[in-house]
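Report on the structure
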Amino acid sequence: MRIAAVAESEGGGRLRELGEQASGRDGALWRVGDLAGAVADHEALGRRSGEPVRWVFADTSQIYPALLSRGVRLSRCHDSTLVEALLMGYAGRFGEAHTLGAAWARLHGREAPPDPVPQSAEGRAPQPTLFEPDRSTLPSGADALDALVEVYADQRRRMAELDHPGRFALLAAVESAGALGAAEMAHDGVPWRADVHDAVLTEQLGPRPTAGARPPVLADLAARISEAFGRTVNPDSPVQLMRAFEAVGHPVPSTRSWVLQRVDHPAVPLLLRYKELARLHSAHGWSWLDTWVSGGRFRTDYIVGGVVSGRWATRGGGALQVPKVVRRAVVADPGWTLVCADAGQLEPRILAAVSGDSALAAAAGSDDLYARLAGSFGGDRQRAKIALLAAMYGQTSGDAAALLPRLRQAYPRAVDHVDAAAREGEQGHLVRSWLGRTCPPPMWGGDDPDEGAPAGPSDRAARERGRFTRNFVVQATAAEWALVLMAAVRRGLTDLDTAAGRPQLVFFQHDELVLHVPRTLAEAAVQTLRAAADEAAALMFGDTPVRFPLDIAVVDRYSDA
DNA sequence: ATTCGCTGCCAC
DNA sequence: AAACGTGGCAGCGAAT
């Protein structure tokens, strides 16, 4: 059953049941004073009847947080904004406006209004009890529910006309399910022990300084660095550092760590230590803690589809760059545990599956794909790994390039697959992931032959785009595999017993999931993850020899995973 | 005082 | 060893 829902003022809203053809306004219509309550009722009803509701929303990120704060959890939806972005991208119009208002305007031959600029997570109520203000950009005359129903029907029609409608439907479903998961993770937050984090900082940097001042350890290092140079130098300033190195007879082209490592001067070890600690202090220090952690939880906003490849971005708190040392602060609540799962060697396995290279697929049937490749590289697993990564990233220099001929010899179809994607990119064409996510057109306007005398790309620009499209076909497919996994995990978790507390998905990072579950459910959660990984592989690739093993750790602290 | 490009480093 | 894909973010320093 499908139900379209829109929020209205005072927590009310309207629902429209959509028929199987989902084309019109023929289904039941409800106007409700309590949208959250009505949605919860229909969700429960659908679940009991064995026919779970697929909710049709204009924008999950606007409507779902307020539902969550009322305790409502949903299993499936269709997010018209996310799907519109995917469809526009497929049509070679990546990045065009994709809110409900924009989709509706295009459907009616009007000019699409630009998408509103997103607001930051910082300073916003963490648990909104009211629905977010409408950002759908519909003109005032249009009825939001009618527009949503109309756009949804149109999107279904457009999806049915694509080359692989089944695959794209899966993409639309998991992208939308991702939006549900993203809102749930923002709502639940990552368990975060501020006291542990503070102890890590104090151990590394010394006691917390007054606002704006350098922590003791950094201040001491800065003083000794100046002493070593015989002049006052701000180690945070690359310009001053370059000048200082020049003055002592060691000119450097940059102040990157790996450059400095090869300079023989007493300031260097101090500087390397300073850079490491300064990074910790500025990126994940006390002010980060004050800003992003409250009530024992770290919350960030996930941006579904925020990266061209379909990986998620985050806004706020640098959630996808939490350094290893800081992960000590991610500690399960008493009586609970973390279940951390990451897909090992995901991208080469994806390449094996999408390229149809039987030799690589056979290697990807084992737990260590690289080890199985080693035979082609004199038994050297590390060189095999470098070669395969170089093929996927388009590396052309260094040792890796020399290994490529051997890789090509052993796995010709796999190498052909990424080479072909690179050629398409260089020529300005579009490439797509397995499920149909499409890369942006080239900056130089490639696929548009009717433009008179378009400025051709520079060789460098063409090669850069070739590396991008080469990587896109792999990275974007890996990202959607992870989305399918997440959708399956969400579904599996709802089947677990909740007497001891509801198991939660609390963190998602490209190819890695972290669950926070009652200790008694740890083993069940592991089984849920394993089943979900099998399901993801089957849904995307059917019967394939390629395996997608998860490395799973049940731990109290994330740093132990 | 604010904005913006650049540098550099973190994650996958 | 240091040109190899996707990002976020802090601090600097110059421009506005």
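Okay, so let's go over this structure. (Residues numbered from 1 in each chain as written. Chains lettered and ligands numbered in written order. Predicted model: local features only at pLDDT ≥ 70, side-chain atom pairs only at ≥ 80, totals over all residues. Heavy atoms only, no water.)

1. Section: the protein's contact with DNA strand C
Taken together, 27 residues lie around DNA strand C, and Ser237, Gly316, Gln321, Tyr393 and Arg467 are the ones closest in. Within 4 Å of the protein, the contacting atoms of DNA strand C are drawn from sugar and phosphate to the extent of 73%. A distance of 2.4 Å separates a phosphate oxygen of DNA strand C from a polar atom in the side chain of Ser237. Here a phosphate oxygen of DNA strand C sits 3.2 Å away from a polar atom, N or O, in the side chain of Arg262. Among the elements of the structure, α11 (267-284), β10 (313-315) and α19 (459-494) are those that each provide at least two residues to the surface near DNA strand C. With 4 residues, α19 is the largest single contributor of residues to the surface near DNA strand C. (Near = heavy atom within 4 Å. Polar contact = N/O pair within 3.5 Å; in protein donor to acceptor, adjacent residues only side chain to side chain. Helix = DSSP H or I, 4+ residues; strand = E, 2+ residues; numbered from the N terminus.)

2. Focus on helix α3 (residues 80-90)
Burial of α3 is extensive: 10 of the 11 residues sit out of reach of the surface. Buried within α3 we find Ser80, Thr81, Leu82, Val83, Glu84, Leu86, Leu87, Met88, Gly89 and Tyr90. At its buried positions, α3 is contacted by β4 (54-57), β5 (76-79), α4 (100-107), α5 (144-160) and α6 (165-188). Its side-chain oxygen placed 3.0 Å from the backbone nitrogen of Thr81, Asp79 serves as the N-cap of α3. Downstream of α3 by one or two residues, Gly92 has phi in the positive range, about 80 degrees. (Buried < 20%, exposed > 50% of the residue type's maximum accessible area, 1.4 Å probe, protein only. Contact = heavy atoms within 4.5 Å.)

3. Quick word on unusual backbone geometry
The backbone phi angle of Glu10 is positive, close to 60 degrees, even though this residue is not glycine. Along the chain, the position of Glu10 falls in the loop between β1 (2-7) and β2 (13-18). For His510, which is not glycine, the phi dihedral falls at a positive 70 degrees. Taking relative accessible area as the criterion, His510 reaches 25% and is therefore assigned partly exposed.

4. Quick notes on the protein's contact with DNA strand B
Neighbouring DNA strand B are 17 residues; Thr255, Ser257, Arg279, Arg311 and Asp511 lie closest to it. Each atom of DNA strand B within 4 Å of the protein belongs either to a base or to sugar and phosphate, the latter forming 83%. Between DNA strand B and Arg279 there is a distance of 2.9 Å, counted from a base oxygen to a side-chain nitrogen or oxygen. One of the side-chain nitrogen or oxygen atoms of Lys324 is found 3.4 Å away from a phosphate oxygen of DNA strand B. Grouping the amino acids of the surface near DNA strand B by side-chain chemistry returns 4 nonpolar, 6 polar and 7 charged. (Nonpolar A, V, L, I, M, F, W, Y, C, P; charged D, E, K, R; others polar.)

5. Concerning the sheet that holds strand β11 (residues 336-343)
Spatially, 4 strands are ordered β12-β13-β11-β14 in an open sheet, and the strand pairing comes out antiparallel. Each having just a single partner strand, β12 (504-508) and β14 (550-555) make up the two edges of the open sheet. Taken pair by pair, the neighbouring strands of this sheet meet at an average axis angle of 20 degrees, ignoring direction. In the packing of α19 onto the sheet, contacts are made with β11, β12, β13 (512-518) and β14, and the angle to β12 comes to roughly 165 degrees. (Pairing = 2+ DSSP bridges. Axes fitted to C-alpha atoms, helices over the stretch in contact; angles between N-to-C directions.)

6. Some remarks on the packing of aromatic side chains
A complete count under the given rule lists 13 aromatic pairs for this structure. Geometrically, the ring pair formed by Trp55 and Phe57 is stacked, given 6.3 Å between the ring centres and 10 degrees between the ring planes. The exposure class assigned to Trp55 is buried, which follows from its relative accessible area of 0%. Considering the side-chain rings of Trp312 and Phe508, the 4.8 Å spacing of their centres and the 75 degrees angle between planes classify their relative orientation as edge-to-face. Within this pair, whereas Trp312 is found in the loop between β9 (301-303) and β10, its partner Phe508 is found in strand β12, the two being separated by 196 residues in sequence. Each residue in the set Trp434, Trp481, Phe541 and Phe548 is aromatic and connected to the rest through ring pairs, giving one cluster. The ring centre of Trp434 lies 3.7 Å from the NZ or CZ of Arg167, which sits over that ring. Against the face of Tyr90 rests Arg432, its NZ or CZ located 3.5 Å from the ring centre. (Phe/Tyr/Trp six-rings, centres within 6.5 Å; stacked < 30°, edge-to-face > 60°. Lys NZ or Arg CZ within 6 Å of the ring centre and 35° of its normal.)

7. Points about the sheet that holds strand β7 (residues 293-294)
Sheet architecture is open: 3 strands sit in the order β6-β8-β7, paired in antiparallel fashion. Here the strands that pair on one side only, and so sit at the sheet edges, are β6 (190-191) and β7. Strand direction decides the pairing type here: β7 and strand β8 (residues 297-298), joined by 2 bridges, are antiparallel. Bridge pairing in β8 links Val293 to Phe298.

8. Here's the deal with empty space enclosed by the protein
Summed over all chains, the structure comprises 2 cavities of 30 Å³ or more. Volume-wise, the largest cavity comes out at about 60 Å³. Around the largest cavity sit Val190, Trp192, Phe298, Val322, Val330, Phe507, Val514 and Tyr558, which together line it. Broken down by class, the residue content of the lining of the largest cavity amounts to 8 nonpolar, no polar and no charged. Here the second largest cavity defines a volume of roughly 40 Å³. Gly310, Arg311, Trp312, Ala479, Phe508 and His510 are the residues that line the second largest cavity. (1 Å grid on protein atoms, 1.4 Å probe; cavity = no way out; pocket = protein on both sides within 12 Å on 5 of 7 lines; lining within 4 Å. Points joined across faces, edges and corners; volume = space filled by probe spheres on them.)

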